[in-house]
Amino acid sequence: MKKNNYNGSRSESALSILDFDAIGEEHLTSASENPTTDKLFELSDAEKKDRIADLFAEIMETLGMDLSDDSLKGTPQRVAKMYVEEIFSGLNPKNMPKMTLFDNPYKYQEMLIEKNIRFFSNCEHHFVPFFGHAHVSYISSGKVIGLSKLNRLVQHFAKRPQVQERLTNQIGQALMEILDTDSVAIAIEAKHLCVASRGVQDDSSSTLTFFYSGAFENMEQKKLFHQQIDH
Ligand SMILES: [Zn+2]
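None of the values given here were measured: they were computed from a predicted structure.

The rules we used
Residues numbered from 1 in each chain as written. Predicted model: local features only at pLDDT ≥ 70, side-chain atom pairs only at ≥ 80, totals over all residues. Heavy atoms only, no water. Helix = DSSP H or I, 4+ residues; strand = E, 2+ residues; numbered from the N terminus. Buried < 20%, exposed > 50% of the residue type's maximum accessible area, 1.4 Å probe, protein only. Contact = heavy atoms within 4.5 Å. Areas by Shrake-Rupley, 256 points an atom, 1.4 Å probe, with all protein chains shown as cover. Donors = N, O, S within 2.8 Å, 3.2 Å for Na, K, Ca; no water. Polar contact = N/O pair within 3.5 Å; in protein donor to acceptor, adjacent residues only side chain to side chain. Core = buried A, V, L, I, M, F, W, Y, C linked by side-chain atoms within 4.5 Å. Patch = residues over 30% accessible without salt bridge, like charges linked within 9 Å, V, L, I, M, F, W, Y side chains within 5 Å. Salt bridge = Lys/Arg side-chain N within 4 Å of Asp/Glu carboxyl O. Pairing = 2+ DSSP bridges.

Side note on the overall build of the protein
Scanning the protein from terminus to terminus reveals ten helices and seven strands. The burial tally for the protein puts 42% of its 231 residues in the buried class. In the protein, once contacts between residues fewer than 6 apart in sequence are set aside, the share between residues at least 24 apart is 70%. Of the accessible surface of the protein, which amounts to about 12,600 Å², a share of 52% is contributed by carbon and sulfur atoms.

So, in structure tokens, the structure goes:
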């Protein structure tokens, strides 16, 4: 399987799906991309669900589970549907939320913070959840987007097998592109069930990651951002 190269060539089907996205997903996700192959574009959602259901049934059978039991019978299909339509739907650029921009009608020039954006993601190393809150801030260069779009953007990138560092960077880079601004700050605090429920089994620790660009690289601006989110 050939790896998808976001900076160069890809199959025709990939191009046509990417073109479907008015914003140009290629640009938005080129910074720190999730490792993917052409299968992302070659298989339809229905084909993905069929194959995942078959393969998940095999996992359950291998574990010794009885798939003729009424409670388990539908599980492979349920998992497949959940993967493709819900928790991993963000892998496909066609599911990128539409980001309509507006002129900055209030001539507001300070930072705007959307705080405590709840997200659920899954660790790509263990396929178990990590979840928490993202705090997203930007300084407009003349355009603004609807507040709920900030939530949708976070949730789009979270709905992938992920690592928190990449998630943080992807949201930051995407916002810079969408809003055509240099000044974006992201802070994410999350609990990882791969740390809490297995392995070292520490359910009190959480992980914090940050992204700063433009004006937020300045210590004073960084402090202002943190004064607002750190309580
Ligand atoms: Zn993990």
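A few points about the coordination of the zinc ion
For the zinc ion, every protein donor is listed as Cys 123 (SG), His 126 (ND1) and Cys 194 (SG), and the spread of their distances is 2.1 to 2.3 Å. Taken in chain order, the donor set of the zinc ion reads C-x2-H-x67-C. Residue His 126 is found in the loop between strand 2 (111-123) and strand 3 (129-139), and its partner Cys 194 is found in helix 9 (residues 193-196); the two are separated by 68 residues along the sequence. On the basis of relative accessibility, which here comes to 38%, the residue His 126 falls in the partly exposed class. Overall, the relative accessible area of 9% leaves Cys 194 in the buried class.

Considerations on the environment of Gln 201
Looking at the element boundaries, Gln 201 is found in the loop between helix 9 and strand 7 (207-212). The exposed category is assigned to Gln 201, whose relative accessible area is 54%. Once residues lying within four places of it in the same chain are set aside, the contact partners of Gln 201 are Val 195 and Ala 196. Within the local environment of Gln 201, its side chain forms a polar contact with the backbone oxygen of Ser 197, the two atoms lying 3.5 Å apart.

What to know about the nonpolar core
Grouped together as the largest cluster of nonpolar side chains are 28 residues, with contacts concentrated most on Phe 119, Leu 153, Ile 171 and Leu 175. Those elements that place two or more of their residues in this core are strand 2, strand 3, strand 4 (143-145), helix 7 (147-158), helix 8 (164-179) and strand 6 (184-192). No other element matches the six residues that helix 8 contributes to this core. Ala 187, Phe 216, Phe 225 and Ile 229 belong to the second-largest nonpolar core, a separate cluster that totals seven residues.

Considering the side chain of Thr 181
Of note, Thr 181 is situated in the loop between helix 8 and strand 6. A distance of 3.1 Å separates a polar side-chain atom of Thr 181 from the backbone nitrogen of Ser 183. Sequence-distant contacts of Thr 181, that is, excluding residues within four places in its chain, are made with Ile 139, Ser 141, Leu 175 and Met 176.

Description of a nonpolar patch on the surface
Residues Ile 59, Leu 63 and Met 65 make up a contiguous nonpolar surface patch of roughly 300 Å² in combined accessible area. When you line up the elements, Ile 59 lands in helix 4 (residues 45-62).

Some thoughts on the pattern of salt bridges
In total, this model carries seven salt bridges according to the counting rule given. Among the salt bridges present, the one from Asp 45 reaches Lys 94, with a minimum N-O distance of 2.9 Å. With a gap of 49 residues between them, Asp 45 in helix 4 and Lys 94 in the loop between helix 6 (75-87) and strand 1 (101-103) connect regions that are remote in the sequence. Judged by its relative accessible area of 34%, Lys 94 is partly exposed. Among the charged side chains, a network of salt bridges with common partners joins Lys 49, Lys 81 and Glu 85.

Brief notes about the pairing of strand 2
Judged from the ten bridges that link them, strand 2 and strand 3 form a sheet pairing that is antiparallel. Residue pairing in the sheet places Glu 114 in a bridge with Val 136 of strand 3. As consecutive antiparallel partners, strand 2 and strand 3 are separated by five residues, and within that stretch Phe 127 has a phi angle of approximately 55°, a positive value. As paired strands, strand 2 and strand 5 (residues 161-162) are joined by two bridges and run parallel to one another. Counted as the bridge partner of Asn 122 is Pro 161 from strand 5.

Interpretation note: all reported values are geometric properties and have no functional meaning in isolation.
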